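These are the residues of each chain, in order.
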Amino acid sequence: MQNSKGSMDFDFNLKTNAKFGAKKALRLAQYLKELSLTRPGVIVDGGIAGLEYTKNVLAALEKEPGLTVKIWIYDLRHEPDYDSLDRIKTMFLDASDRPVTDCFIGIGGGSVLDFAKGLATVVVNPGKAVQYKGFPTGIVPSLPTIALPTTAGTGSEVTYNAVFTDNDAVKKLGINTRNNYPTLAVLDPLFTVNSPMSVTVSSGMDALVHTLESYMAVQSNPMSRIFAREAFSMVFNNLYLVKDNPGDVEVRAKIQYGAYLAGISLINSGSGIAGALSYPLGVHFKVPHGIAGAVFIAHVIKHNVKTGYDYSELYDLIDGVDRTLPKKVKNEQFSEKIFALCKRLEVPEKLGGFGVNSGNVHLFLHEIDSLERAFAQNPVPFTVEDGKRLVMSMTP
Ligand SMILES: [Fe+2]
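The shown structure was predicted, so the numbers you read here are calculated from the model rather than taken from an experiment. (Residues numbered from 1 in each chain as written. Predicted model: local features only at pLDDT ≥ 70, side-chain atom pairs only at ≥ 80, totals over all residues. Heavy atoms only, no water.)

Caption draft 1: Structural context of the domain arrangement of the chain. Looking at the assigned domains, one finds that the chain contains domain 1 (17–192) and domain 2 (197–393). For domain 1 and domain 2, the distance between their C-alpha centroids amounts to 27 Å. Contact with domain 1, which involves 23 residues of that partner, is made by 25 residues of domain 2. Both sides of the domain 1 and domain 2 interface together cover about 1,900 Å² of buried area, and 68% of this is carbon and sulfur. (Domains from an automatic or database assignment. Contact = heavy atoms within 4.5 Å. Buried area = accessible area lost by both parts, 1.4 Å probe.)

Caption draft 2: Fine view of helix α12 (residues 327–344). Taking 1.5 Å per residue as the helical rise, α12 with its 18 residues ought to reach 26 Å, and the 25 Å between its terminal C-alpha atoms agrees with that figure. Restricting attention to buried positions, one finds in α12 the residues Lys330, Asn331, Phe334, Ser335, Ile338, Leu341 and Cys342. All buried residues of α12 project into a common sector of 140° when viewed along the axis, lining one side. For α12, the exposed residues lying more than 90 degrees away from the buried face are Lys328, Glu336 and Lys343. Among the structural elements, α6 (197–216), α7 (222–242), α10 (289–306) and α11 (312–315) are those in contact with the buried residues of α12. Where α12 ends, the next residue or the one after it, Glu346, has phi of about 60°, a positive value. (Helix = DSSP H or I, 4+ residues; strand = E, 2+ residues; numbered from the N terminus. Expected span 1.5 Å × (residues − 1). Buried < 20%, exposed > 50% of the residue type's maximum accessible area, 1.4 Å probe, protein only. Arc of directions from axis to C-beta.)

Caption draft 3: The layout of surface pockets, seen in detail. Within this model, the second largest pocket holds a volume of roughly 190 Å³. Taken together, the elements giving at least two residues each to the lining of the second largest pocket come down to α10 and α15 (384–393). Here the lining of the second largest pocket gets 5 residues from one element, more than from any other, and that element is α10. Tallied by class, the residues present in the lining of the second largest pocket amount to 3 nonpolar, 2 polar and 4 charged. (1 Å grid on protein atoms, 1.4 Å probe; cavity = no way out; pocket = protein on both sides within 12 Å on 5 of 7 lines; lining within 4 Å. Points joined across faces, edges and corners; volume = space filled by probe spheres on them. Nonpolar A, V, L, I, M, F, W, Y, C, P; charged D, E, K, R; others polar.)

Caption draft 4: Looking closely at the sheet that holds strand β3 (residues 70–74). Taking strand neighbours across the sheet as the criterion, the 6 strands line up as β1-β8-β5-β4-β2-β3 in an open arrangement whose pairing is parallel. Taken across any chain shown, the strands that pair with only one partner, and hence form the sheet edges, are β1 (17–20) and β3. Pairwise comparison of adjacent strand axes, ignoring direction, gives a mean angle of 15° for this sheet. Bridge count between strand β4 (residues 103–108) and strand β5 (residues 145–149): 5 bridges; the pairing is parallel. Looking at β5, one finds that Phe104 is bridged to Thr145. Docked against the sheet, helix α8 (residues 249–267) engages β1, β5 and β8 (184–187), running at close to 170° with respect to β1. (Pairing = 2+ DSSP bridges. Axes fitted to C-alpha atoms, helices over the stretch in contact; angles between N-to-C directions.)

Caption draft 5: Inspection of the nonpolar core at higher detail. If you look at the biggest cluster of nonpolar residues, it comprises 62 residues, and the most contacted ones within it are Met205, Leu277, Leu281, Phe296, Phe334, Leu351 and Phe364. No other element matches the 10 residues that α10 contributes to this core. Residues contacting Leu281, with those up to four places away along its chain left out, are Lys286, Val287, Ala292, Val295, Phe296, Leu351, Phe354, Val356 and Phe364. Core analysis: the second largest hydrophobic core is formed by 25 residues, Val112, Leu119, Ala120 and Val122 among them. (Core = buried A, V, L, I, M, F, W, Y, C linked by side-chain atoms within 4.5 Å.)

Caption draft 6: Quick peek at the packing of aromatic side chains. Overall, the coordinates contain 18 aromatic pairs when judged by the stated rule. Each ring, one from Tyr82 and one from Phe164, has its centre 5.8 Å from the other, and the planes form 35°; the classification is tilted. Pair noted here: Tyr82 is in helix α3 (residues 82–89) and Phe164 is in the loop between β5 and β6 (165–166), with a separation of 82 residues, a long-range link. With respect to burial, Tyr82 and Phe164 carry one shared label: buried. With a centroid separation of 5.1 Å and 85° between ring planes, the pair formed by Phe375 and Phe382 is classed as edge-to-face. Of the residues examined, Phe375 reaches a relative accessible area of 1% and is grouped as buried. An aromatic cluster is defined as three or more aromatic residues linked by ring pairs; in this entry it consists of Phe232, Phe236, Tyr240, Tyr309, Tyr311 and Phe334. Positioned above the aromatic ring of Tyr240 is the side chain of Arg344, whose terminal nitrogen or guanidinium carbon lies 4.6 Å from the ring centre. (Phe/Tyr/Trp six-rings, centres within 6.5 Å; stacked < 30°, edge-to-face > 60°. Lys NZ or Arg CZ within 6 Å of the ring centre and 35° of its normal.)

Caption draft 7: Region of the structure containing the coordination of the iron ion. All of the protein donors around the iron ion are Asp206 (OD), His210 (NE2) and His289 (NE2); their distances to the metal are 2.1 to 2.2 Å. In the primary sequence, the donor residues of the iron ion line up as D-x3-H-x78-H. Residue Asp206 and its partner His210 are located together in helix α6, separated by 4 residues, close to a single helical turn. Classification of His210 as buried rests on a relative accessible area of 9%. (Donors = N, O, S within 2.8 Å, 3.2 Å for Na, K, Ca; no water.)

Structure below.
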């Protein structure tokens, strides 16, 4: 399906209902009742479990009559892996290996939401979690999940994908089953307003990568691009503001909304080069996913502008720009504006800070051989050799 030219022949999926607004998380019990769910397993990010607002949200849930709430504070110091799923799922199973919960609620960043989605699958499917790696079919449908993102970026609250690392194979694969779209996303900016700037940047840049790559992916379609354009406007303009206004709930809410829109665009389109390159950097050098994509995105845009791809439509969405400029100038400036945002948010320009050097870069280069299909999503040619050249040019 190659619809980026605007052909009226495409599919579009959106299965997650959403509640937007400050203090919406305090109404979780009501939302569960509306869904006829009574036994939630709650996975809460350890980094926010002690915050007053999180405590209030959990207290409101626990005091609700008729609900049996089981909480696990997510304390993994690494990104989610299949081994941890095996270990934690036993908490949510009875002596006969039946789930004691009827749904999972994830309150946290992308890893926590992914973990909740993973648990929703493995508690109803026997054996080791790694058995369900990739895109499993013919399995028992996952339990419903409710996603409360506390960072704004991954879009996990609206996608069925859940990323897990296979520790033996040193690969990020995931458990991606199409019935695992969250049933409900609760987007409450009072969670994100407390995010440290490093987390805000990493997750926000993840959303920017999703926006740009899903916009230009060869598998994009007219409807996914509606979401990508609005996502770009929200994410780019408000990421620019957030550094000087970290406590501004309105700015936070708009980034969160943009990240959600970007997730919808992503699942109905495709990702691209920066997203693909982020995985080996994450697995081999333990770089958080958002930053790992962010270091490449401006270079991808620059390459595409040079090769003639047109971003003028997105350029016009940037606050304060001159919309009367010729397309060629808009494109050149667009590329510069992405570099400028990266600089403003202190996204590293080179890979040396992540521990990549001439002695170990082969680990990265080797993985690029398998990224050809992901690179093919880029709207203009970008070869495996181009990928290796880019990585080498960023290696000290
Ligand atoms: Fe991502």
